[in-house]
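This is what each chain is made of:
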Amino acid sequence: MIENCEEPQEFFLKIEGHDHLLGRILIHASHEFEIGEVFNAEIDIVQKESKKIWLHVGYLFKLNSQEEAIELSVQKIAHFLKNGDH
């Protein structure tokens, strides 16, 4: 059983060479039965002005801390942009 513990935290990253886009990380904290608090991340590239999703990068699940979720999400965005997966 998973319960939501709090509202998602939203973080934005500048993307060099793309002034109209931002990297967005949404961190959701939840309490999972027998595991405890876990953190999940949704990772997107969004339009700077409207914040509408331009590209979906991916998800990360069941991380131990918000810091770990942010760090791995930043790495995932960097890898995505470096490899031209868009």
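What counts and what doesn't
- Residues numbered from 1 in each chain as written.
- Predicted model: local features only at pLDDT ≥ 70, side-chain atom pairs only at ≥ 80, totals over all residues.
- Heavy atoms only, no water.
- Helix = DSSP H or I, 4+ residues; strand = E, 2+ residues; numbered from the N terminus.
- Contact = heavy atoms within 4.5 Å.
- Areas by Shrake-Rupley, 256 points an atom, 1.4 Å probe, with all protein chains shown as cover.
- Expected span 1.5 Å × (residues − 1).
- Buried < 20%, exposed > 50% of the residue type's maximum accessible area, 1.4 Å probe, protein only.
- Arc of directions from axis to C-beta.
- Core = buried A, V, L, I, M, F, W, Y, C linked by side-chain atoms within 4.5 Å.
- Pairing = 2+ DSSP bridges.

A. Local environment of the overall build of the protein. The helix and strand tally for the protein stands at one helix and five strands. The secondary structure elements of the protein, listed N-terminal to C-terminal, are β-β-β-β-β-α. Dimensions along the principal axes, computed over C-alpha positions, put the protein at roughly 45 × 25 × 15 Å. Pairs at least 24 apart in sequence give 40% of the contacts found in the protein among residues at least 6 apart. Approximately 5,900 Å² of the protein is accessible, and the part contributed by carbon and sulfur atoms is 50%.

B. A look at helix H1 (residues 66-82). The end-to-end C-alpha separation of H1 is 24 Å, in line with the 24 Å expected for 17 residues at 1.5 Å each. Residues of H1 that are buried include every one of Ala69, Ser73, Ile77 and Phe80, and no others. When H1 is viewed along its axis, its buried side chains cluster within an angular range of 65° and face the same direction. Exposed side chains of H1 directed beyond 90 degrees from the buried face belong to Glu67 and Lys82.

C. Highlighting the nonpolar core. Ile27, Phe39 and Ile45 are the most contacted members of the largest nonpolar core, which totals 15 residues. Among the secondary structure elements, those contributing two or more residues to this core are strand S3 (21-32), strand S4 (36-47), strand S5 (53-63) and H1. Every residue in contact with Ile45, bar those within four places of it in the chain, is listed here: Ile15, Leu21, Leu22, Gly23, Lys52, Ile53, Trp54, Leu55, Val57, Ile77 and Phe80.

D. Local environment of the pairing of S5. The pairing of S4 with S5 spans seven bridges and is classified as antiparallel. Residue pairing in the sheet places Val46 in a bridge with Ile53 of S5. Hairpin connection of S4 to S5: five residues between the antiparallel strands, including Lys51 at a positive phi of 65°.

E. Spotlight on the environment of His28. The residue His28 is located in strand S3 in this model. A sequence separation of 33 residues divides His28 from Phe61, and the C-alpha atoms of the two residues are 9.5 Å apart. In contact with His28, other than residues within four places in its own chain, are Pro8, Val38, Phe39, Asn40 and Glu42.

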